[in-house]
Amino acid sequence: MSSTHSHSDMLPRGTLVIAGALVAFAFTSTAIVRVAGIPAAASPAAMRIEAKIAPVASRDLRFLDRADGAVVIEDVHSGQPASVIPAGQKTGFIRGVMRGLARERRSRGIGFQPPFNLTLWRDGELSLTDSATGRQIELTAFGSTNRAAFAALLPAPTASAQTVPGRAPLTVPVT
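Residues numbered from 1 in each chain as written. Predicted model: local features only at pLDDT ≥ 70, side-chain atom pairs only at ≥ 80, totals over all residues. Heavy atoms only, no water.

## Brief notes about the pairing of strand β3 (residues 81–85)
Line of reasoning, step 1. Pairing analysis gives four bridges linking strand β2 (residues 71–75) to β3, with the strands arranged antiparallel. Bridging across to β3, E74 finds its partner in P81.
Line of reasoning, step 2. The hairpin turn running from β2 into β3, its antiparallel successor, is five residues long, and G79 in that turn takes a positive phi close to 75 degrees. (Pairing = 2+ DSSP bridges. Helix = DSSP H or I, 4+ residues; strand = E, 2+ residues; numbered from the N terminus.)

Given below as structure tokens:
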């Protein structure tokens, strides 16, 4: 029985060469982008500013948890409820989005008082901005059903804003 132990056959030489080539490619690509000054992809908010896309409808909202598990969505300016999501109702998207935003606020020591701004843009996009942290969520990216859950919180847009080329017309029920 042999007492020698060899690791020479653990990784084939070709595998090591390919791994080294991938690492070299990653470093080279990064260096080229940095040296050439290629800008990063623009955010939707920056693209809207550049294209001068105006808001069609906007509403400042506050989301409040009730003791019974319901969520009261309050219009900040009127102080009236914009909507109430009863406990157990299938509105997981709104709850999920707000849970993530609330977690970020808690980590920064921010309370529930600063409002969230819900905005429908002329190009048909829908965004929710946390006025306290500046974080903006593009709600259109989550599909039409999830988008509609938030769009229902907006006042009805004007007729000219309801049809956007390349996008289905937006119907927003008034609550």
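The structure having been displayed, the exposition proceeds.
## Here's the deal with helix α3 (residues 92–107)
Line of reasoning, step 1. Here α3 is 16 residues long and its end C-alpha atoms lie 22 Å apart, about the 22 Å a rise of 1.5 Å per residue gives.
Line of reasoning, step 2. Taken together, the buried positions of α3 are F93, I94, R95, V97, M98, G100, L101, E104 and R105.
Line of reasoning, step 3. A positive backbone phi angle near 75 degrees is found at G109, which sits one or two residues after α3. (Expected span 1.5 Å × (residues − 1). Buried < 20%, exposed > 50% of the residue type's maximum accessible area, 1.4 Å probe, protein only.)

## Points about the pattern of salt bridges
Oppositely charged side chains can pair when the atoms bearing their charge come close.
Line of reasoning, step 1. Counted under the stated rule, the structure contains seven salt bridges.
Line of reasoning, step 2. E104 serves as the salt-bridge partner of R108, at 3.2 Å between the closest nitrogen and oxygen.
Line of reasoning, step 3. For E104, the salt bridge identified is with R135, shortest N-O distance 3.1 Å. One end of the pair, E104, is in helix α3; the other, R135, is in the loop between β5 (126–130) and β6 (136–138), with 31 residues separating them in the sequence.
Line of reasoning, step 4. Using a relative accessible area of 18% as the deciding quantity, one classes E104 as buried.
Line of reasoning, step 5. The network of salt bridges with shared partners includes E104, R108 and R135. (Salt bridge = Lys/Arg side-chain N within 4 Å of Asp/Glu carboxyl O.)

## Brief notes about the packing of α3 against helix α4 (residues 144–151)
For any two helices packed against each other, the geometry is given by the interaxial angle and the distance between the axes.
Line of reasoning, step 1. Running from N to C, α3 and α4 cross one another at 75 degrees; their axes reach a closest spacing of 9 Å. The pairing of α3 with α4 is recorded here as roughly perpendicular in orientation. Contacts between α3 and α4 involve F93, I94, V97 and M98 on the former and, on the latter, N146, A149 and F150.
Line of reasoning, step 2. Considered class by class, the residues forming the contact of α3 with α4 number six nonpolar, one polar and no charged. (Axes fitted to C-alpha atoms, helices over the stretch in contact; angles between N-to-C directions. Parallel < 35°, antiparallel > 145°, perpendicular 65-115°, else oblique. Contact = heavy atoms within 4.5 Å. Nonpolar A, V, L, I, M, F, W, Y, C, P; charged D, E, K, R; others polar.)

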